[in-house]
Structures are given as structure tokens and as C-alpha cells.
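Secondary and tertiary structure notes
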Amino acid sequence: MASKIIYFTVNGRPEQAEFPIDCPAQDVKDLFRAAAEAGPHDILKLYNTKGNIINISPQLAPNSPHSCYKLKVVAADCNSAELVDDLGFDLSSLEKRLQSLEKRILTEAAETPVIVYEMKRQVESFREKLESVEHLSWLGLFKNMSEGTHKPSPFYHKRTLRKAREECVHVREQFIQMSSLEVSEEVRQYLKKPTFDNWQWEDAEIMVLLQVMYTDLDFISTFNIELDVLQQFLYEVYRRYNNIPFHNFKHCFCVTQMMYGLIWLTDLRNKIDSIDLLIMLTSAVCHDLDHTGYNNAYQINARTELALRYNDISPLENHHCAVAFEILEKTECNIFRNLSMEQFKRIREGIIKCILATDMTRHIEILTKFKTILPVFDFSNKDHRDVLMMIMIKVSDISNEARPMDVAEPWLDCLLQEFFNQSDMEKLEGLPVTPFMDRDKVTKPSSQTGFIRFVLLPLFIELANLFPSLEQHIIDPVRKALDYYTEMGKAVEREKQNRVQSEKMIKPSTSGQPEGHPEPSRATKPL
Ligand code: 5GP
Ligand code: MN
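Please read these numbers as outputs of a predicted model, since none were measured by experiment. Along each chain, numbering runs from 1 in the same order as the chain's sequence is written. In the order they appear in the text, chains get letters beginning with A and ligands get numbers beginning with 1. Residue-level local features of this predicted model are given only where pLDDT is at least 70; pairs of side-chain atoms are given and counted only at 80 or more, and the full residue set underlies all totals for whole chains, interfaces and linings. Excluded from the side-chain calculations are hydrogens and water; all other atoms, namely the structure's heavy atoms, are used.

**Some remarks on the site of ligand 1**
Taken together, H247, H251, D288, M360, D397, I398, L415, F419, S447, Q448 and F451 make up the full set of residues near ligand 1. Pairs of N or O atoms are called polar contacts if they sit within 3.5 Å, as long as, within protein, a hydrogen donor faces a hydrogen acceptor (for residues adjacent in sequence, only side-chain-to-side-chain pairs). Note that an oxygen atom of ligand 1 is positioned 3.1 Å from one of the side-chain N or O atoms of D288. At 2.6 Å, a side-chain N or O of D397 approaches an oxygen atom of ligand 1. Computed with a 1.4 Å probe, the accessible areas rest on the Shrake-Rupley method; for each residue, only the protein chains presented here act as cover. When the free accessible area of ligand 1 is taken as 490 Å², the share hidden by the protein chains comes to 88%. Comment: elements are numbered from the N terminus, with helices defined as DSSP H or I runs of at least four residues and strands as E runs of at least two. Going through the elements one at a time, α18 (405–429) and α19 (444–466) are the ones with two or more residues in the shell around ligand 1. Ranked by residues supplied to the shell around ligand 1, first place goes to α19 with 3 residues. For this classification, the nonpolar set comprises Ala, Val, Leu, Ile, Met, Phe, Trp, Tyr, Cys and Pro, the charged set comprises Asp, Glu, Lys and Arg, and every other residue, Gly included, is treated as polar. Per-class residue counts for the shell around ligand 1 are 5 nonpolar, 4 polar and 2 charged. For each residue, the test is whether any non-hydrogen atom lies within 4 Å of the molecule or strand; if one does, the residue is near.

**Quick notes on the coordination of the manganese ion (ligand 2)**
Distances from the manganese ion (ligand 2) to its protein donors, H251 (NE2), H287 (NE2), D288 (OD) and D397 (OD), fall at 2.1 to 2.2 Å. Taken in chain order, the donor set of the manganese ion (ligand 2) reads H-x35-H-D-x108-D. Taken together, the residues H251 in helix α10 (residues 249–265) and D288 in the loop between α11 (274–286) and α12 (296–301) connect sequence positions 37 residues apart. Per-residue accessibility, obtained with a 1.4 Å probe over protein chains only, is compared with the maximum for each type, and a residue is labelled buried under 20%, exposed over 50%, and partly exposed between these values. The exposure class assigned to H251 is buried, which follows from its relative accessible area of 1%. Here a donor is an N, O or S atom found within 2.8 Å of the metal, or within 3.2 Å if the metal is Na, K or Ca; sites may look incomplete because water is not among the atoms.

**Quick notes on the packing of helix α14 (residues 315–329) against helix α15 (residues 341–356)**
Comment: axis = line fitted to C-alpha atoms, over the contacting stretch for helices; angle = value between 0 and 180 degrees taken between N-to-C directions. At a closest axis distance of 9 Å, the pairing of α14 and α15 adopts a crossing angle of 150°. Between α14 and α15, the crossing angle belongs to the class labelled roughly antiparallel. Crossing of α14 against α15: the hand is right-handed. Residues E317, N318, H320, C321 and F325 of α14 form the contact with α15, whose own contacting residues are F344, R348, I351, I352, I355 and L356. Its residues placed into classes, the contact of α14 with α15 shows 7 nonpolar, 2 polar and 2 charged. The scheme is simple: roughly parallel for angles under 35 degrees, roughly antiparallel for over 145, roughly perpendicular for 65 to 115, oblique for anything else. What makes a crossing left-handed is the near helix being turned counterclockwise from the far one by less than a right angle; a clockwise turn instead makes it right-handed. Note on contacts: a residue pair is in contact if any heavy atoms of the two residues lie within 4.5 Å.

**Some points on the pattern of salt bridges**
Salt bridges are defined as contacts in which a side-chain nitrogen from Lys or Arg sits within 4 Å of a carboxyl oxygen from Asp or Glu. In this structure the tally under the stated criterion is 27 salt bridges. Residues R346 and D273 are paired through a salt bridge, measuring 3.1 Å at the closest nitrogen-oxygen approach. Taken together, the residues span a long stretch of sequence, with R346 in helix α15 and D273 in the loop between α10 and α11 at a distance of 73 residues. D273 gets classed as partly exposed once you look at its relative accessible area, which sits at 39%.

**Quick look at the nonpolar core**
Among buried residues, the Ala, Val, Leu, Ile, Met, Phe, Trp, Tyr and Cys ones that are joined through side-chain atoms within 4.5 Å form a nonpolar core. Core analysis: the biggest nonpolar cluster contains 111 residues, and Y214, F233, F370, F460 and L463 have the highest contact counts within it. Setting aside chain neighbours within four positions, we find F460 in contact with V395, I398, S399, A402, I474, I475 and V478. Within the second largest apolar cluster, 17 residues are counted, among which are V10, A36, I56 and Y69.

**Section: the packing of aromatic side chains**
Here the distance between the centres and the angle between the planes together describe a pair of aromatic rings. For Phe, Tyr and Trp, rings pair up if their centres lie within 6.5 Å, where Trp contributes its six-membered ring, and each pair is then called stacked (planes under 30 degrees apart), edge-to-face (over 60) or tilted (otherwise). Evaluated as defined, the whole model comprises 20 aromatic pairs. Aromatic side chains Y241 and F249 sit 6.3 Å apart centroid to centroid with 55° between the ring planes, which places their arrangement in the tilted category. Here the two residues Y241 and F249 agree in accessibility, since each one is buried. What links up through ring pairs into an aromatic cluster is the set Y190, F196, W201 and F253. For the cation-ring pair, K163 lies above Y238, with the distance from its terminal atom to the ring centre recorded as 4.0 Å. K192 extends its terminal NZ or CZ atom over the ring of W264, reaching a point 3.9 Å from the ring centre. Two thresholds decide whether a charge sits over a ring: the Lys NZ or Arg CZ must be within 6 Å of the ring centre and within 35 degrees of the ring normal.

**Thoughts on the side chain of T9**
Tracing the chain through its elements places T9 in strand β1 (residues 3–10). Excluding residues that lie within four positions of it along the chain, T9 makes contacts with P14, C68, Y69, K70 and L71.

**Quick look at the sheet that holds strand β5 (residues 69–74)**
For two strands to count as paired, DSSP must find a minimum of two bridges between them. In spatial order, the strands read β2-β1-β5-β3-β4; together these 5 strands make up an open sheet with mixed pairing. Each end of this open sheet is capped by a strand with a single partner; those strands are β2 (13–20) and β4 (53–54). Relative to β5, strand β3 (residues 43–47) runs antiparallel, the two sharing 5 bridges. When the sheet's bridge partners are listed, K45 is paired in β5 with K72.

**Let's talk about the confidence of the model for the protein**
Averaged over every residue, the pLDDT of the protein is 87; the share at 70 or more is 84%. Every residue in residues 510–527 is under pLDDT 50, and counting partners more than four places away or in other chains gives 20 contacts. Values of pLDDT, the confidence the predictor places in each residue, fall between 0 and 100.

**Quick notes on a nonpolar patch on the surface**
A contiguous nonpolar surface patch, about 260 Å² in accessible area, is contributed by L101, I115 and M119. In this fold, L101 is placed in helix α3 (residues 91–109). Judged by its relative accessible area of 34%, L101 falls in the partly exposed class. The residues that make up patches have over 30% relative accessible area and no salt bridge, and they are joined within 9 Å when like-charged or within 5 Å when they are Val, Leu, Ile, Met, Phe, Trp or Tyr.

Dropping the structure here:
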């Protein structure tokens with residue numbers, strides 16, 4: 001029977017494996033597992049000469065000793081019951097013990113000793129090492145992945161692409177260096193406009209721009225915020241946005257920048273007091289902290305830790321907000337530390353209200369409330385202000401289409417990438433597939449035309465009813481985007497019909513592509 005030989009190295013040691021071409025997939029995996037002397041829960045990663053990960057399967061392309069593959073072994077899921085046994089300890093419980101120890105020390109000594117920080121760092125870095133490979137689970141390297149579709153995958157809640165420590169340290173250094181430089185007046189003015197292009201700026205620069213927002217709204221002086229505390233806060237925020245396609249640090253920036261722009265465009269500084277403005281800006285900064293790229297429907301269906309913890313009630317938004325206050329718990333990050341208890345309580349209540357309002361399942365409820373109070377809107381009425389703040393964070397949150405097309409369109413690509421990741425995972429895990437995320441059903445125009453018509457415009461129009469000057473800044477570009485995607489939708493439709501037509505015209509004996517088939521234009525190019 002035909003067999004193939006695969007040459008590879010494991011820990012620098014040359015090995016070769018031979019197996020029949022019709023060998024069962026599991027046997028091939030076991031063969032490599034044995035060669036690597038890997039444990040049953042370890043993950044094997046095979047790299048080709050280009051450094052790409054390739055699947056360990058009977059279909060592996062044969063190679064030669066000169067084009068050796070590289071086999072690597074990495075530790076597996078850090079919390080599974082079996083692994084707790086194998087490791088000899090439970091990482092989660094270790095973290096919990098460390099947390100409660102830290103709390104006790106903090107209560108008694110008022111300051112966390114360096115040794116506790118060091119221990120936390122070590123535990124965190126260990127967790128990062130263990131988790132950094134989990135996103136590879138779809139490669140089929142985890143043994144249990146394809147088992148029973150009725151129960152959620154054991155990896156659902158940890159398939160988070162956390163930022164690497166080195167990346168954070170580097171960005172932090174750049175940020176601190178840059179923050180001492182003066183930001184030009186031109187940039188400061190540009191930052192107040194919805195036309196601002198986020199794609200031109202690196203993460204460290206974005207942190208400087210966030211600092212500028214706090215400075216130019218006079219928060220530093222009004223609330224006695226120390227610059228190093230603000231910087232530490234912004235760094236922690238940056239660190240706790242994950243590397244995912246859409247809900248990442250750049251999205252945090254865009255939402256905050258739109259909120260900042262709206263505050264200036266509506267002259268809100270002369271209408272409500274600065275504590276409310278501080279609540280609005282900080283809520284925007286924190287509103288998607290530690291988003292994992294899977295929405296509430298997924299959290300609930302997959303019965304994730306978040307859904308369990310928050311009883312299916314806005315699990316993500318509750319989490320974003322909890323992480324925000326977790327960051328603020330650390331004195332060195334607490335930008336509110338010089339405020340009175342009374343002021344802090346008000347800010348906390350406000351931020352919770354704003355972040356929880358970003359759950360889109362509450363969209364109609366919040367918009368209806370706003371419409372009801374609009375005819376009698378009174379800036380001195382706290383209930384009215386609360387609803388306005390919720391509306392403004394909602395507008396900022398979904399405001400990509402209010403930006404210039406070349407800024408907005410890449411954001412749609414990011415959003416759809418995240419949506420498709422989720423629906424792919426839902427299919428893999430046998431969970432209900434969220435229809436607007438299904439790559440087999442959704443296109444850019446189909447995604448945007450409905451969203452703009454039924455969600456964006458009705459919301460934006462109400463805010464512009466209160467602030468008519470906003471019309472040109474946020475409504476006009478959204479209408480343009482609607483036209484653009486409507487045209488794109490028609491082009492897609494035309495192309496589909498052309499294809500059907502050409503297929504009909506091809507005789508059964510004809511081979512190859514029909515002539516005259518239109519080249520995909522910019523408007524019809526596939527995603
Ligand atoms: P989030 O708080 O998750 O950032 O924003 C709310 C949700 O609104 C997003 O998760 C997404 O479902 C939806 N959304 C925001 N912007 C767009 C957009 O431009 N198009 C579509 N189709 N949905 C959007
Ligand atoms: Mn958001």
C-alpha cells in the first residue's frame with residue numbers, strides 16, 4: 001500500500017514519520033503526538049517552511065529533509081478538570097486566592113506590596129501562555145472539539161485574543177514618550193470633528209489623543225486628575241481591549257472621539273455640568289472593555305461564564321462596566337480619586353447607566369423614552385439628561401456610517417469579519433446561527449441598508465431634532481452611505497442576474513467561463 005514520509009523537527013531534533021496514505025486522521029495525529037512526547041491534553045502545532053501552521057492529517061503534503069516541517073508542543077486548556085489534575089493545581093482558584101489576599105492586605109495596609117504585584121504578574125503571564133493557543137482550536141487540534149453539538153464548547157469563554165505583554169509594554173513606552181510632546185492646535189481642532197480618520201493613528205498616538213480630550217474638556221483641572229494617573233488609566237484600558245476585528249481599542253477610540261465631537265458640536269459644555277460630560281466621555285472609553293468578539297446572543301446560547309454570571313441580562317455590557325470599575329479600583333489608575341464620595345457615587349451610577357444602554361436589545365425602549373421627552377426637553381431635569389446621555393453614547397457607538405466613506409467602509413469589513421467568526425463558531429458548535437452574521441446570507445449592502453434605514457437614521461434624526469446643527473455632521477453622511485450601499489446592492493443584484501443569464505446561454509457542451517462576464521467592480525467586489 002502507498003505510504004508517505006514526512007520529515008520534521010521537534011525541539012530541533014530531526015524526526016521522520018511514515019504512514020499509509022489512507023491512514024485514519026487520528027492515527028496520524030497520535031503518531032506526531034508520540035514523536036513529540038506530548039501529553040494527551042497538549043496541543044501540537046505543525047509549521048511549514050513558510051512558518052504557517054498546517055493541519056496534521058493524512059493529507060499532509062510530503063516533503064524532503066531539506067524542507068522539514070517544525071513540530072511544536074504547547075500546553076492545553078488551563079481550567080479543564082483533567083488539566084487541574086495534571087497540573088496539580090487549579091489556576092482559577094489560585095487567582096481567586098490571590099485576589100482575596102490582595103484585598104485583605106489592601107484593607108489592612110492601605111497599599112499593595114510589591115511582592116503581591118509580582119505574584120499577580122507571574123500568575124497572569126502563566127495564564128497568558130496557556131491561553132495564547134486556544135484560538136487554534138478550530139484546527140481540530142483539541143481532542144474534544146468535535147464532540148456532541150448539544151453542549152457548548154469548553155473553549156467558548158476563553159477564545160479571546162488578549163494582547164501580548166510585549167506589545168503592551170512597547171505601546172506604553174511609546175505613549176509615555178509621546179505624551180510629553182505638544183499636540184498641534186490643528187490636530188486638536190480636527191479631533192473635534194466626526195470626519196476624523198482613526199486609521200492614520202497608531203495605538204500609542206490614540207492614547208495621546210484620548211489624553212488631549214480629557215485635557216481640552218478641562219477635566220484635568222476641574223477634577224484634579226493627575227496626569228500619571230490618567231496615563232495609567234488609559235494604559236489599562238488599552239490593555240484590556242482585545243485584539244479582535246471590530247470591538248478593539250480603535251473602536252473604543254472612535255466611539256469616544258464621536259462622543260467628544262458631539263459634545264463640541266452641540267455646545268454641551270454650556271448646557272450640562274462637567275460631571276455629566278466626564279461620565280459620557282469615560283463611559284465611551286470603557287464601553288466595550290474586554291469584548292471577546294461574540295455577542296450577547298452567543299453568550300446566552302453557549303451558556304458562557306458571562307451569561308451565567310449575569311443571568312443572561314446584558315452579559316457583555318455588565319462585564320464591560322465591571323471591568324471598568326475593576327480598573328478604577330486600583331488607586332494608581334483611579335482618575336476619580338480626588339473626588340468626593342458623593343461625586344464618585346454619581347459618576348459610578350452614570351457610567352453604569354450609559355454602558356448598560358449600549359445593549360442594542362434596549363434600542364427601542366431607550367429611543368421611545370427620548371422621543372417622549374423631546375417636546376418638553378429640559379436640560380435642568382436629571383431624568384431628561386440621563387436619557388440624553390444614553391442616546392448620545394448609543395449614537396456614538398454605532399456612528400461609523402456617519403464618517404467619511406473611506407473611514408467607514410473598512411469598519412464594516414471589520415464588523416462583518418467579527419460577525420462571520422461568530423456564525424462560523426455557532427455552526428461548529430451546533431448553536432443557533434445569528435442570521436445577520438451568517439456569511440452565506442449577508443453581504444455588505446444587505447447588512448447596511450436595513451441597519452441604516454431602521455436603526456441609524458431613526459436614532460440620529462431624533463438627536464438632530466434636539467440639536468439641529470448636527471444634521472449636516474451626522475445625518476447627511478449617513479444618507480450618503482445609504483445611497484452608496486443601495487447602489488452597491490443593485491449592482492450585486494444585476495451581477496447575479498447576468499450570471500444566471502450567461503449560465504442559461506451556455507450550451508451543455510461548452511466548457512470554461514462564459515465570455516462577457518462582468519469584472520467585479522469596487523461596488524460588487526466580494527468581501
Ligand atoms: P457595540 O456596542 O457592540 O459596539 O455596537 C452595537 C451593535 O450594533 C454592534 O455589535 C452591531 O451589531 C451593531 N452595529 C454597529 N454598527 C453597525 C453597522 O455599521 N452595521 C451593522 N449592520 N450593524 C452595526
Ligand atoms: Mn461598541
